[in-house]
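Notes for the structure review
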Amino acid sequence: MNAPAASILVVDDEPDLRTLYELTLLREGYRVETASSVQEAREQLRNQKFDAVITDMRLPDGFGMELLQDLRDQQRRERCVVMTAYGSAENAVEALRAGAFDYLTKPVDLKQFRSVVASAIQGSGGVPAPRALRSGGNQSRNGVTTGPDVLGTAHALNRLVGESEAMQNVKQRVLKVSRGMAPVLIHGESGTGKELVAQALHACSQRADGPLVAVNCGAIPENLLEAEFFGARKGSYTGAAQDRDGYFQAARGGTLFLDEIGDLPLAMQSKLLRAIQERSVRPLGSTQEETVDVRIVSATHRDLAADVQSGRFRQDLYYRLNVIEIVIPPLRERREDLPALCTALLTRISQDSGMPAPALTTRALDAIAAHPLNGNVRELENLLHRAVALSDGDELQVDCPSASADGGSAPRFAPSAATQGLATPAAAAGANASGAGSMAGYATPQPSAGSTVALPSDLQAWLDQQERDILVRALREANFNRTATAARLGISLRQIRYRIARLNIALPGDPDPNDDVG
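Residues numbered from 1 in each chain as written. Predicted model: local features only at pLDDT ≥ 70, side-chain atom pairs only at ≥ 80, totals over all residues. Heavy atoms only, no water.

1. Some points on the overall build of the chain
For the chain, the helix and strand inventory stands at 21 helices and 15 strands. In the chain, buried positions account for 48% of the 518 residues. In the chain, the share of contacts with a sequence separation of at least 24, taken over all contacts with a separation of at least 6, comes to 71%. About 24900 Å² of surface is accessible on the chain, with carbon and sulfur atoms providing 49% of the total. (Helix = DSSP H or I, 4+ residues; strand = E, 2+ residues; numbered from the N terminus. Buried < 20%, exposed > 50% of the residue type's maximum accessible area, 1.4 Å probe, protein only. Contact = heavy atoms within 4.5 Å. Areas by Shrake-Rupley, 256 points an atom, 1.4 Å probe, with all protein chains shown as cover.)

See below:
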């Protein structure tokens, strides 16, 4: 038994346009009711429920925004599409911010009209999915990455790891704004996970069956931007041997994610603005525009408001993109999420490598927390990759941050007599260059004003000898326990083994004992 067709209320004060919209929707198989004023529309809404309401912005006795506000106040399920006059971008942005599902610009293109209505009522009783969404699936080509086929809402939100208040706010915001078509601007520092938020927005929306096309705006050569975004016709430029679609066409029925939108040059910004505003693009070399049905999600680490003030970013494009903003907190503002993030990242690293991940101990977590992690989650992932690769045994071993990395922290232990020879500037420079933080745990004494230490004739040999003396002393104090020695010097077990072999330090029980180690 077929499910009932969706019911739609059309509100417009112009009889000809009202009839045109009604006939168009009837041909699509919908049940349609009409109204010519706010009062008539309210009476219709009191008498029955609809799947969608399509209303003109200006009506004889009020504004379509009043109907939108009524739907919100009564918590009704109808999705509202607002029609605005050509050029009234401010009205469209206001409607989207007020909760409208989408907007249409008059004069309305009927193909776009059908597509927007189909998106609005998708999921209602018995209505087929929009034509643009039936193909779905992933697409991939040079410069474009596409998201997974379909991510369930729960799975998509679970990928946003963290239970801190800041992350809970982000997840709630994603759930709330994913229901509509309003453009979303994601703002956050590098490495905070802006693309993950975009993927969650797409997966939680009614467009989840469509493609998610992610574009790095800063990675495209300026002379190729127009062809990459809008497509190109055969012969439109040297090397164009055939027609090719652009990002907008590739994302039809889905979501177009514009990463690092602040890197777009001004000339391209004006063309992008028109494409978003008119819902149509003109491929390079073509005289005809093509209607495109995409939701725009953009992201940046820049302060676009400041760029607008300085003239580096168009104000009209900024307001068009920044209808709804999602701010991702940096990792320093949600340190309580570190254990969950480390666990999730170690699980992924283990799956990618096919090897069991070392255990995450309290000591390892303390070492991770000591890092400033200015690169946010991306830096944390790199740190864990390095720790997994260099760890020996079943426990994760994490290098403590050096003074240069954390802004000059205090030394972990005081210098001993074995390090007093490092008093010259040359020695300090050599210690910093000796690799992998072998001197991270030592404070470097400064030479006195009357120091007469002779400069070495072979700097590398002199530095090797200083490093060897330090390692020998540390090994003796740790009873030749390499794990304890490595922990005290702030390096990994693998690193200390490498240094022992490179500096030819023999330990008790080795086949060829060295006199330096008694």
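2. A closer look at the pairing of strand β10 (residues 212-216)
Residues in a regular strand point their side chains to alternate faces of the sheet. Among the five residues of β10, four are classified as buried, and the element is accordingly described as predominantly covered. Note: β10 against strand β11 (residues 255-259), five bridges, orientation parallel. The residue of β11 that forms the bridge with Leu212 is Thr255. (Pairing = 2+ DSSP bridges.)

3. What about unusual backbone geometry?
A cis geometry characterises the amide bond from Lys106 onward to Pro107, with omega recorded as -5°. Inspection of the secondary structure assignment puts Pro107 in the loop between β7 (102-105) and α5 (110-121). The backbone of Gln75 sits at a positive phi, close to 55°, despite the residue not being glycine. Turning to its location among the elements, Gln75 is positioned in the loop between α3 (64-73) and β6 (79-84). What makes Gln75 exposed here is its relative accessible area of 72%. The backbone of Asn504 shows a phi angle near 60°, a positive value even though the residue is not glycine. Topologically, Asn504 is positioned in the segment after α21 (493-502). Classification of Asn504 by relative accessible area gives exposed; the value is 56%.

4. Describing empty space enclosed by the protein
With the rule as written, the count across this model stands at five cavities of 30 Å³ or more. Taken as a whole, the largest cavity spans an internal volume of roughly 110 Å³. Lining the largest cavity are 13 residues, and of these Tyr103, Ile276, Arg279, Val294 and Ile296 lie nearest its centre. At the level of elements, β7, α12 (266-278) and β14 (295-300) are the ones that each hand at least two residues to the lining of the largest cavity. Grouping the constituent residues of the lining of the largest cavity by class yields nine nonpolar, no polar and four charged. When its volume is computed, the second largest cavity comes out at roughly 60 Å³. (1 Å grid on protein atoms, 1.4 Å probe; cavity = no way out; pocket = protein on both sides within 12 Å on 5 of 7 lines; lining within 4 Å. Points joined across faces, edges and corners; volume = space filled by probe spheres on them. Nonpolar A, V, L, I, M, F, W, Y, C, P; charged D, E, K, R; others polar.)

5. Observations concerning the nonpolar core
If you look at the biggest cluster of nonpolar residues, it comprises 31 residues, and the most contacted ones within it are Phe229, Phe248, Leu256, Leu258 and Ile261. Of all the secondary structure elements, the ones that give two or more residues to this core are β10, α10 (225-230), α11 (247-250), β11, α12, α13 (304-310) and α14 (315-321). Counting residues per element, this core draws most heavily on α12, which supplies five residues. If near-sequence neighbours (up to four positions away) are discounted, Leu256 is found in contact with Val213, Val215, Tyr247, Phe248, Ala251, Arg295, Ile296 and Val297. If you look at the next biggest cluster of nonpolar residues, it comprises 29 residues, including Leu160, Met167, Phe257 and Ile324. (Core = buried A, V, L, I, M, F, W, Y, C linked by side-chain atoms within 4.5 Å.)

6. Here we look at the pattern of salt bridges
Following the criterion strictly, the structure yields 28 salt bridges and no others. When the shortest N-O distance is used, the salt bridge between Glu163 and Lys171 registers 3.7 Å. Classification of Lys171 by relative accessible area gives buried; the value is 11%. Here Glu228 makes a salt bridge to Arg244, at a shortest N to O gap of 3.0 Å. Of this pair, Glu228 sits in helix α10 while Arg244 sits in the loop between α10 and α11; the two residues are 16 residues apart in sequence, bridging distant segments of the chain. (Salt bridge = Lys/Arg side-chain N within 4 Å of Asp/Glu carboxyl O.)

7. Comments concerning the environment of Thr105
Tracing the chain through its elements places Thr105 in strand β7. On the basis of relative accessible area, Thr105 is assigned to the buried category, the value being 17%. The spacing of Thr105 and Met83 is 22 residues in sequence and 5.7 Å in space, taken between C-alpha atoms.

8. Things to note about the side chain of Arg18
By secondary structure assignment, the location of Arg18 is in helix α1 (residues 15-27). Discounting residues that sit within four places of it in the chain, Arg18 has contacts with Asp12, Asp13, Thr34, Ala35 and Ser36.

9. Examining the packing of helix α15 (residues 338-353) against helix α17 (residues 376-390)
Running from amino to carboxyl end, α15 crosses α17 at an angle of 55°, the nearest separation of the two axes being 10 Å. By the criterion of interaxial angle, the relationship of α15 to α17 is oblique. Handedness of the crossing formed by α15 with α17: right-handed. On the side of α15, the interface is formed by Leu338, Leu341, Cys342, Leu345, Leu346, Arg348 and Ile349, while α17 contributes Val377, Leu380, Glu381, Leu384, His385 and Val388. In terms of residue class, the contact of α15 with α17 is made up of 10 nonpolar, one polar and two charged. (Axes fitted to C-alpha atoms, helices over the stretch in contact; angles between N-to-C directions. Parallel < 35°, antiparallel > 145°, perpendicular 65-115°, else oblique. Left-handed = near helix turned anticlockwise from the far one by under 90°.)

10. Side note on the sheet that holds strand β2 (residues 31-35)
The parallel open sheet is built from five strands, whose spatial order is β2-β1-β3-β6-β7. Where the open sheet ends on each side, the last strands, each with one partner, are β2 and β7. Geometrically, the sheet is characterised by an average inter-axis angle of 20° between neighbouring strands, direction not taken into account. Both strand β3 (residues 52-56) and β6 contribute to a ladder of five bridges, which runs parallel. Across the sheet, Val53 pairs through a bridge with Cys80, a residue of β6.

11. Description of α17
With 15 residues, α17 should reach 21 Å at 1.5 Å per residue; the first-to-last C-alpha distance of 21 Å fits that figure. For α17, the full list of buried residues reads Asn376, Val377, Leu380, Leu383, Leu384 and Ala387. Taken down its axis, α17 places every buried residue within 115° of arc, on the same side. Of the surrounding secondary structure, the elements contacted by the buried residues of α17 are α15 and α16 (362-369). (Expected span 1.5 Å × (residues − 1). Arc of directions from axis to C-beta.)

12. A word on the pairing of strand β15 (residues 324-327)
The side-chain alternation of β15 yields one buried face, formed by Ile324 and Ile326, and one unburied face, formed by Glu325 and Val327. Pairing analysis gives four bridges linking strand β9 (residues 184-187) to β15, with the strands arranged parallel. Looking across to β15, one finds that Val184 is bridged to Ile324.

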